[in-house]
Amino acid sequence: MILIASFGYYLEYHDGLPGRYPKELQKIISAPTDKNLEDSKYMDLKPNEVAWDKYPTLGDQNAPHYTFVVMGDSHADALSPGFSLLAKQLGIKGKLLAASGNPPLFGVNWGSDDTLSQVKAKYLELIKAHPHIKEVFLVARWGIYANGYGYIYKDGQFVDNPEESLALWDKDSKTHDNISNNPKVLERGLIRTLKVFHEMNIKVYVVSDVPEIGWNVPETLSKLYILRGIHTRKITAPTYSDYLKRQKPVFNAFKEAEKYYKFTLINPAKHMCIDDKPCIVLDKKGYPLYLDTNHLTNHGAYYVVKHDPGFEEALKTQ
């Protein structure tokens, strides 16, 4: 019994001895930890806890001033390692201001109170306190905010996930629980946010979301690899057409908002879904780009920022 218990402890301590698996599978099963493991310290701060030094600095720590901000939800957090690597190469630094499930739009909430708006109001105070900031990148899981539902692969189709839903609202909303109002709330929020930064002479880049895959990438690939031994690059993923269908209310809101204030759109999905083939979920070395159904791994963040020239063009203008 002692030997069995000791062996069980040994396996747990060493994460199940992943080294016993083939290298290709090791890359897949390690994906859930291929992320910023410190994000729990700042992603759920209350309004009175928000402070500049609690959020990660991106890029060259020795640069004289903060010149850009990446503002958004957990998708902004997931993409931030890519921003950080590129900014370091360019010798500049910025700040990540992100919170779980919080769209980077001033005045926009979901849930029973306006805590989300309060957090973003604090972000604005922090940005105003750093006058050298000239660029803001808005990054979010736009699809769930505009549609009101998550995204799942079921019975051979990509459909809404009713188990993952939220209704947006703002000061102009007549109800706080009507998902059909989400596109308009998102549109108003973007116009409001663009207006604020326009008046501060800060250039805005809106980063459209990466493709939501609809199934847990490392979990599904590892199970299929172990149980069936099939080639992991042949799993069905959404195409760019699927992506555009999911993001239609998002891009409609972007188009309407641009009538009021100009911004630059960066669309990384164009570089992840080529010629309407299934969007890629692994890089050329076999590392997963996703740690679940929709969040990028660190490898995914590096891939996206490297392959979409829009990011370097934006940061180089400083």
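Residues numbered from 1 in each chain as written. Predicted model: local features only at pLDDT ≥ 70, side-chain atom pairs only at ≥ 80, totals over all residues. Heavy atoms only, no water.

1. What to know about the sheet that holds strand 5 (residues 135-139)
- With respect to topology, six strands assemble into an open sheet ordered 1-3-2-5-9-10, the strand pairing being mixed. This sheet does not close on itself; its edge strands, each paired only once, are strand 1 (57-59) and strand 10 (264-266). The average undirected angle you get between the axes of adjacent strands in this sheet is 25°.
- Sheet topology note: the strand 2 (residues 66-72)/strand 5 ladder contains five bridges and is parallel. The residue bridging Met-71 from the neighbouring strand is Leu-138, located in strand 5.
- Against the sheet, helix 6 (residues 182-199) engages strand 2, strand 5 and strand 9 (203-207), with an angle of about 165° to strand 5. (Pairing = 2+ DSSP bridges. Helix = DSSP H or I, 4+ residues; strand = E, 2+ residues; numbered from the N terminus. Axes fitted to C-alpha atoms, helices over the stretch in contact; angles between N-to-C directions. Contact = heavy atoms within 4.5 Å.)

2. Topic: unusual backbone geometry
- Unusually for a residue other than glycine, Asn-201 sits at a positive phi of about 60°.
- Residue class for Asn-201 comes out exposed when judged on its relative accessible area of 61%.
- In this structure, Asp-276 is a non-glycine residue whose phi angle is positive, near 55°.
- Note that Asp-276 resides in the loop between strand 10 and helix 9 (298-307).
- Its relative accessible area of 38% is what places Asp-276 among the partly exposed residues. (Buried < 20%, exposed > 50% of the residue type's maximum accessible area, 1.4 Å probe, protein only.)

3. Brief notes about the packing of helix 3 (residues 74-90) against helix 10 (residues 309-316)
- Taken N-terminus to C-terminus, the directions of helix 3 and helix 10 make an angle of 50°; their axes are 11 Å apart at the nearest point. One element, helix 3, and the other, helix 10, form an angle in the oblique class. In this structure, helix 3 meets helix 10 at a crossing whose hand is right-handed. From helix 3, Leu-79, Phe-83, Leu-86, Ala-87 and Leu-90 reach across to helix 10, where they touch Phe-311, Glu-312, Leu-315 and Lys-316. (Parallel < 35°, antiparallel > 145°, perpendicular 65-115°, else oblique. Left-handed = near helix turned anticlockwise from the far one by under 90°.)

4. Here we look at the pattern of salt bridges
- Within this structure, the stated rule accounts for 15 salt bridges.
- Here Lys-41 makes a salt bridge to Glu-38, at a shortest N to O gap of 2.5 Å.
- Here Lys-316 makes a salt bridge to Glu-312, at a shortest N to O gap of 3.2 Å. In this pair, Lys-316 and Glu-312 both sit in helix 10, four residues apart, roughly one turn of the helix.
- Look at Lys-316 and you get exposed, because its relative accessible area is 53%.
- Connected through salt bridges with shared partners, the residues Arg-141, Asp-160, Glu-164, Glu-212 and Arg-246 form a single ionic network. (Salt bridge = Lys/Arg side-chain N within 4 Å of Asp/Glu carboxyl O.)

5. Looking at empty space enclosed by the protein
- With the rule as written, the count across this model stands at one cavity of 30 Å³ or more.
- One number sums up the size of the largest cavity: a volume of about 70 Å³.
- In terms of lining residues, the largest cavity is bounded by His-75, Ala-78, Leu-79, Val-139, Ala-140, Val-207, Ser-208, Asp-209, Val-210, Asn-294 and Leu-296.
- Counting residues per element, the lining of the largest cavity draws most heavily on helix 3, which supplies three residues.
- For the lining of the largest cavity, a count of residues per class yields seven nonpolar, three polar and one charged. (1 Å grid on protein atoms, 1.4 Å probe; cavity = no way out; pocket = protein on both sides within 12 Å on 5 of 7 lines; lining within 4 Å. Points joined across faces, edges and corners; volume = space filled by probe spheres on them. Nonpolar A, V, L, I, M, F, W, Y, C, P; charged D, E, K, R; others polar.)

6. Structural notes on the nonpolar core
- Core analysis: the biggest nonpolar cluster contains 88 residues, and Leu-79, Phe-83, Phe-137 and Phe-197 have the highest contact counts within it.
- Per-element accounting of this core gives the leading share, seven residues, to helix 8 (residues 240-257). (Core = buried A, V, L, I, M, F, W, Y, C linked by side-chain atoms within 4.5 Å.)

7. Observations concerning the side chain of Asn-267
- Structurally, Asn-267 can be placed in the loop between strand 10 and helix 9.
- Side-chain polar atoms of Asn-267 contact the backbone nitrogen of Ala-269, separated by 3.2 Å.
- Apart from residues no more than four positions distant in its own chain, Asn-267 is found in contact with Ser-208, Tyr-240, Tyr-243, Phe-251 and Asp-308. (Polar contact = N/O pair within 3.5 Å; in protein donor to acceptor, adjacent residues only side chain to side chain.)

8. Quick word on the environment of Pro-56
- Turning to its location among the elements, Pro-56 is positioned in the loop between helix 2 (23-29) and strand 1.
- Judged by its relative accessible area of 21%, Pro-56 falls in the partly exposed class.
- Each C-alpha atom, one on Pro-56 and one on Tyr-42, is 8.6 Å from the other, the two residues being 14 residues apart in sequence.
- Those residues within four positions of Pro-56 in sequence are excluded, and the remaining contacts are Tyr-42, Gly-94, Lys-95 and Leu-96.

9. Concerning the confidence of the model for the protein chain
- With 91% of its residues at a pLDDT of at least 70, the protein chain reaches an overall mean of 91.
- Within the model, pLDDT remains below 50 along residues 3-18, and this stretch shows five contacts once partners closer than five positions in the same chain are excluded. (pLDDT = per-residue confidence, 0-100.)

10. Re the packing of aromatic side chains
- Tallied over the entire structure, the rule returns 16 aromatic pairs.
- A ring pair is formed by Tyr-153 and Phe-158, whose centres lie 4.7 Å apart and whose planes are at 45°; its orientation type is tilted.
- The class of Tyr-153 is partly exposed, set by a relative accessible area of 31%.
- Judged by centre distance (5.6 Å) and plane angle (20°), the rings of Tyr-240 and Tyr-243 are stacked. Here Tyr-240 and its partner Tyr-243 are both found in helix 8, three residues apart, which amounts to about one turn of the helix.
- Tyr-243 gets classed as buried once you look at its relative accessible area, which sits at 3%.
- Over the ring of Tyr-287 we find Lys-27; its NZ or CZ atom is 5.0 Å from the centre of that ring. (Phe/Tyr/Trp six-rings, centres within 6.5 Å; stacked < 30°, edge-to-face > 60°. Lys NZ or Arg CZ within 6 Å of the ring centre and 35° of its normal.)

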